[in-house]
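# Geometric and topological summary
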Amino acid sequence: MDNTSQILQRSTELFAGQRLLLVNPPADELTRELPADWHVWTWDYAVFLSLRGKLPEHQLSFSHICPAVEDLEGAILVMPKAIERAEYALAQMAPQLAAGCPLYLVGEKKGGITRAEKLLVDLGDGAEKLDSARHCQLWRTRVSGDAPPFDLAGWQQEVELDFPDQQVRLLSLPGVFSHGRLDEGSALLLEENAPLPAGKVLDFGCGAGVLSVVLARRNPDCRFELVDIDALALHCARQTLQRNGIEAQVYPTSGLSDVHGRYAAVVSNPPFHTGVRHDTSIAERFFNGVTRNLLPGGELRIVANGFLRYPPLIESHIGACRVLRENSRFKVYSAVAPG
Ligand SMILES: C[S@@+](CC[C@H](N)C(=O)[O-])C[C@H]1O[C@@H](n2cnc3c(N)ncnc32)[C@H](O)[C@@H]1O
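To keep things clear, this report deals only with the structure shown in the data block. Values in this document were obtained by computation on a predicted structure and should not be read as measured data. The written sequence of each chain sets the order in which its residues are numbered from 1. Totals for whole chains, interfaces and linings use all residues, but because this is a predicted model, local features are given only for residues with pLDDT of at least 70 and pairs of side-chain atoms are given and counted only at 80 or more. With hydrogens and water set aside, each side-chain value is computed from the structure's full complement of heavy atoms.

What follows is about empty space enclosed by the protein. Think of a 1 Å grid over the protein atoms and nothing else: a 1.4 Å probe that fits but is trapped marks a cavity, an open set flanked by protein within 12 Å on at least five of seven lines marks a pocket, and residues with an atom within 4 Å of a point count as lining. Grid points are joined across faces, edges and corners, and a volume is the space filled by probe spheres set on the points. On inspection of all chains with the given rule, the structure shows 1 cavity of 30 Å³ or more. Estimated volume of the largest cavity: approximately 40 Å³. Around the largest cavity, the lining residues are Leu 22, Pro 25, Pro 26, Asp 28, Leu 30, Thr 31, Val 40 and Leu 51. Counted by class, the lining of the largest cavity contains 6 nonpolar, 1 polar and 1 charged residues. All residues other than Ala, Val, Leu, Ile, Met, Phe, Trp, Tyr, Cys, Pro, Asp, Glu, Lys and Arg, Gly among them, are scored as polar; the first ten of these are nonpolar and the last four charged.

Written out as structure tokens, the structure is:
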């Protein structure tokens, strides 16, 4: 089990038999091994797929919004990578708890749990560290019961992006990639004006949806499908499309798990980079898998950090790899599947 689940298990007496909201858990066996009336909220589709068979359907929610659960006796947030995502989740959890109910925060030290006190202190009667083990900490506050109702609109950020040929209204939420701005790599990909082949286009790892909006306007003969692992990104992508008057399909996937069609093109600023400079294993899995989703003559067009050695991988799985654009940090690659 994940370290965060192990530290929760060490305090079984706090949780066993309780009606609990568990938010952002890892994909492990905690909900089976620690007997409680669990109600799980995840925004990670890989976690959702993994927990789906382990919990009754009504006790597991994959959404950008926390499910409403009545008569909770406590709630636990597993610290997300982005602190703004923790604030976003806590703002939805606290109003669901009656005064005096415990709200726990658990996480790894390297994952930012040391900020727990700051995150919890305004929600209740001060924050208390209950345990520290396996590089993790478990914190608790008892909520004051006067948290304001959650207002999604107040957390959404809308920015206007200017391109030479169009303006895009981009909607985003905390922790969604490149929140409230345009990523430099995505900007380079969108500098490329070469038309995409007509037909269905997959925007893999769509984030808030900027690539699809710009490319859909430039390629009126294409129909876009947007996929992402993150429920908040999917919500933002839907809102971005709507605000810009673009019709497209939006749905979750973990890698290519739910991508079953074949496409005239796949575009992406892909999420493969783990931070380990030479680790290209996730990228290779994707290039291998996506060949099954490209029509003959279909184009893969991606942007990546220039130092990543993608061209040999793209060539071994798809076909000749051309550099369409480059700057000091990024390269835009294009490869066409054999026709
Ligand atoms: C570099 S961002 C690009 C976002 C957007 N296309 C843009 O250009 O602003 C990569 C996206 O991939 C998503 N992602 C990460 N892992 C994924 C996976 N295993 N399957 C699908 N999407 C994933 C992330 O949530 C993120 O939104």
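Moving on from the model shown.
On to the pattern of salt bridges. For this document, the term salt bridge refers to a Lys or Arg side-chain nitrogen within 4 Å of an Asp or Glu carboxyl oxygen. Under the defined criterion, the tally for this structure stands at 15 salt bridges. For Glu 29, the salt bridge identified is with Arg 32, shortest N-O distance 3.7 Å. Accessibility here uses a 1.4 Å probe with only protein chains present; expressed as a share of the type maximum, an area under 20% marks a residue as buried, one over 50% as exposed, and anything in between as partly exposed. Residue classification places Glu 29 among the partly exposed positions, given a relative accessible area of 27%. Among the charged side chains, a salt-bridge network with shared partners connects Glu 29, Arg 32 and Lys 54.

Our focus in this paragraph is the environment of Arg 52. Along the chain, Arg 52 turns up in the loop between helix 4 (45-51) and strand 3 (60-62). Considered as a pair, Arg 52 and Leu 313 are 261 residues apart in the sequence and their alpha carbons are 34 Å apart. Secondary structure follows DSSP: runs of H or I at least 4 residues long count as helices, runs of E at least 2 residues long count as strands, and numbering of each begins at the N terminus.

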